[in-house]
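So you can see what is in the structure, the chains are spelled out below.
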Amino acid sequence: MAYWLMKSEPKDVSVDDLAAMPEATVGWYGVRNYQARNFMRDLMRPRDGVLFYHSSCAEPGVVGLAEVVGAPYPDPTQFEAGNKYFDGKATPEVPRWYQVDVRLVRKTRLLSLAEIRQHPDLQDMRLLARGNRLSITPVTPAEWRVISALLAA
DNA sequence: GCCAACGTTGGC
DNA sequence: GCCAACGTTGGC
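These numbers were taken from a predicted model, which means no experiment stands behind them.

Student: Quick rundown of the sheet that holds strand β2 (residues 25-27)? Include the residues and the values.
Tutor: Across the sheet, 6 strands lie side by side as β2-β5-β4-β3-β1-β6; this open sheet has mixed pairing. A single partner strand is all that each edge strand has here, and the edge strands are β2 and β6 (136-139). Averaged over all neighbouring strand pairs, the angle between strand axes comes to 35°, with direction disregarded. Pairing between strand β1 (residues 3-8) and β6: 4 bridges, direction antiparallel. Following the sheet pairing, Met 6 is matched in β6 by Ile 136. Strands β1, β3 (49-54), β4 (61-74), β5 (98-112) and β6 of the sheet are contacted by helix α4 (residues 141-150), whose axis makes an angle of about 60° with β3.

Right, here's the structure in full:
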């Protein structure tokens, strides 16, 4: 069992959008960074815990608890000509980009980036590492426990 | 809109 | 394999 933080721009898919989807589940399309892809393709397992994070918005932070559903599979948008995520070097025979499905377990209060930054037990989060730009980062079990407690209903 | 930081591309 | 140029991320 592993834990992850996954960033989504709310103008693209917000936590409310996710809650409204069938089974509150979304295919995590559009990742075009190899390290983030490898996390999904090689390391994620069903039931892994996910912190759903809003980025590039007025109030960045964790806004929901989610989980990985099913096995990784090729991101369909890489094959769609005209799609912003189209990749001409990818083929269905040799896909380049993968995704997993993510299901919202429950929406939470906003745990803002500012609050994460000031929490003594969260200083080492990969999210906060200098220059980090990854849209998917690992979360340690200890960090998960701290955040779960902060978000307890 | 700015800009720091980092990843990717492609010529050599 | 090097590295300059360019593109992207994402907080502010």
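Student: Account for the protein's contact with DNA strand B, naming residues and giving values.
Tutor: In the region of DNA strand B, the neighbouring residues are Tyr 34, Arg 130, Gly 131 and Arg 133. Within the side chain of Arg 133, a nitrogen or oxygen atom sits 2.7 Å from a base oxygen of DNA strand B. The residue makeup of the surface near DNA strand B, split by class, is 1 nonpolar, 1 polar and 2 charged.

Student: I'd love a proper account of the packing of aromatic side chains, names of residues and values included.
Tutor: According to the stated counting rule, one finds 5 aromatic pairs in the structure shown. Centre to centre, the rings of Tyr 3 and Trp 144 are 4.6 Å apart; their planes meet at 25°, and the pair counts as stacked. Residue Tyr 3 is found in strand β1, and its partner Trp 144 is found in helix α4; the two are separated by 141 residues along the sequence. Here Tyr 3 matches Trp 144 in class, with each residue buried. Residues Tyr 29 and Tyr 85 carry aromatic rings whose centres are separated by 6.0 Å and whose planes lie at 65° to one another, so their mutual orientation is edge-to-face. Taken together, the positions of Tyr 29 in the loop between β2 and α2 (34-43) and Tyr 85 in the loop between β4 and β5 put the pair 56 residues apart, joining distant regions of the chain. We classify Tyr 85 as buried; its relative accessible area is 18%.

About the cut-offs
- Residues numbered from 1 in each chain as written.
- Chains lettered and ligands numbered in written order.
- Predicted model: local features only at pLDDT ≥ 70, side-chain atom pairs only at ≥ 80, totals over all residues.
- Heavy atoms only, no water.
- Pairing = 2+ DSSP bridges.
- Helix = DSSP H or I, 4+ residues; strand = E, 2+ residues; numbered from the N terminus.
- Axes fitted to C-alpha atoms, helices over the stretch in contact; angles between N-to-C directions.
- Contact = heavy atoms within 4.5 Å.
- Near = heavy atom within 4 Å.
- Polar contact = N/O pair within 3.5 Å; in protein donor to acceptor, adjacent residues only side chain to side chain.
- Nonpolar A, V, L, I, M, F, W, Y, C, P; charged D, E, K, R; others polar.
- Phe/Tyr/Trp six-rings, centres within 6.5 Å; stacked < 30°, edge-to-face > 60°.
- Buried < 20%, exposed > 50% of the residue type's maximum accessible area, 1.4 Å probe, protein only.

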